[in-house]
Amino acid sequence: MLADILITILLIVSTFYMTIILLRFLLQLARADFYNPISQFAVKATNPLLRPLRRVIPGWGGIDGAALVLAVIIQAITFFLILVALNGGIPSFNPLTLLVWAVLNVLDLIVKIYFWSVIAVVVVSWIAPGSGHPAIQLVAQITEPVMRPVRKLMPSMGGLDLSPIIVFLILNVISVVIEHMKVAVGLGAIGLGM
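Computed from a predicted structure; not experimentally measured. (Residues numbered from 1 in each chain as written. Predicted model: local features only at pLDDT ≥ 70, side-chain atom pairs only at ≥ 80, totals over all residues. Heavy atoms only, no water.)

### Here we look at the packing of helix α4 (residues 95–127) against helix α5 (residues 134–153)
In step 1: Packing of α4 against α5 leaves a shortest axis separation of 9 Å and a crossing angle of 115 degrees. Handedness of the crossing formed by α4 with α5: left-handed. Contacts between α4 and α5 involve Tyr114, Ser117, Val118, Ala120, Val121 and Val124 on the former and, on the latter, Ile136, Val139, Ala140, Ile142, Thr143, Val146 and Met147. (Axes fitted to C-alpha atoms, helices over the stretch in contact; angles between N-to-C directions. Helix = DSSP H or I, 4+ residues; strand = E, 2+ residues; numbered from the N terminus. Left-handed = near helix turned anticlockwise from the far one by under 90°. Contact = heavy atoms within 4.5 Å.)

Printed below as a string of structure tokens:
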């Protein structure tokens, strides 16, 4: 019972921090407003761990490699600690498997961030169109790089934007592929429904 409680707390804390790291990554990728208060929070919350890592892993082409590596490292450490808690000690495992698990989980979290961001954009467009709230602006800026290519392909429907439906389908297909990859590498075998 205590191990389950500790695992739950570990998963919540690590997923929360990885979400902040990945939000920072996606905000930089989308070239979102750096001076937005939420962007500033993400920068301040992630700088203590990202700054030293950036000395070793520089960014390239607008992609913050250090943020991705940090998210994978945190996920790998989380999986290692879960395995220790489940086995009552340091387990024997293949470190490469742990790395693959971490990468797949980080990719899955990115897909989930996009999925919920698109939902937020759709809902906000119905209840508060043109809102100037900082969170709404950032969510719109995060989703724009994903929505723009679909909007270019979709014909105009008289003011009705159907691109979120196509984006949902694409994100769900990617999510299913990632889930099958997780099962293929044995991630479900440790009893975590992530």
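### Some details on the packing of aromatic side chains
In step 1: One pass over the full model with this rule turns up four aromatic pairs.
In step 2: Pairing phenylalanine 34 with tyrosine 35 gives two aromatic rings, centres 5.4 Å apart and planes at 85 degrees, and the pair type is edge-to-face.
In step 3: The exposure class of phenylalanine 34 is partly exposed, given its relative accessible area of 44%.
In step 4: Residue class for tyrosine 35 comes out exposed when judged on its relative accessible area of 67%.
In step 5: Measuring from centroid to centroid gives 5.4 Å for phenylalanine 115 and tryptophan 116, while their planes differ by 90 degrees, and the two rings are edge-to-face.
In step 6: Aromatic ring contacts, followed pair by pair, group Phe115, Trp116 and Phe168 into a single cluster. (Phe/Tyr/Trp six-rings, centres within 6.5 Å; stacked < 30°, edge-to-face > 60°. Buried < 20%, exposed > 50% of the residue type's maximum accessible area, 1.4 Å probe, protein only.)

### Focus on the UniProt feature "transmembrane region" (unreviewed entry) in the chain
In step 1: Here the UniProt-annotated "transmembrane region" (unreviewed entry) positions come out as residues 6–27, 60–86, 98–128 and 157–178.
In step 2: Annotated as residues 6–27, this span is 100% helix and 0% strand, and its ends, taken at the C-alpha atoms, are 31 Å apart.
In step 3: In residues 60–86, helix accounts for 81% and strand for 0%; the two terminal C-alpha atoms are 39 Å from one another. (UniProt positions renumbered as here; feature names shortened; annotations may be inferred.)

### Re the pattern of salt bridges
In step 1: The tally for this structure, following the rule as stated, stands at six salt bridges.
In step 2: The closest approach of N and O atoms between aspartate 64 and arginine 54, which form a salt bridge, is 2.5 Å. Of the two residues, aspartate 64 sits in the loop between α2 (37–56) and α3 (65–87) while arginine 54 sits in helix α2, which places them 10 residues apart along the sequence.
In step 3: We classify aspartate 64 as buried; its relative accessible area is 5%.
In step 4: The class of arginine 54 is partly exposed, set by a relative accessible area of 28%.
In step 5: The shortest N-O distance in the salt bridge between lysine 182 and aspartate 108 comes to 3.0 Å. Of this pair, lysine 182 sits in helix α6 (residues 163–184) while aspartate 108 sits in helix α4, placing them 74 residues apart in sequence. (Salt bridge = Lys/Arg side-chain N within 4 Å of Asp/Glu carboxyl O.)

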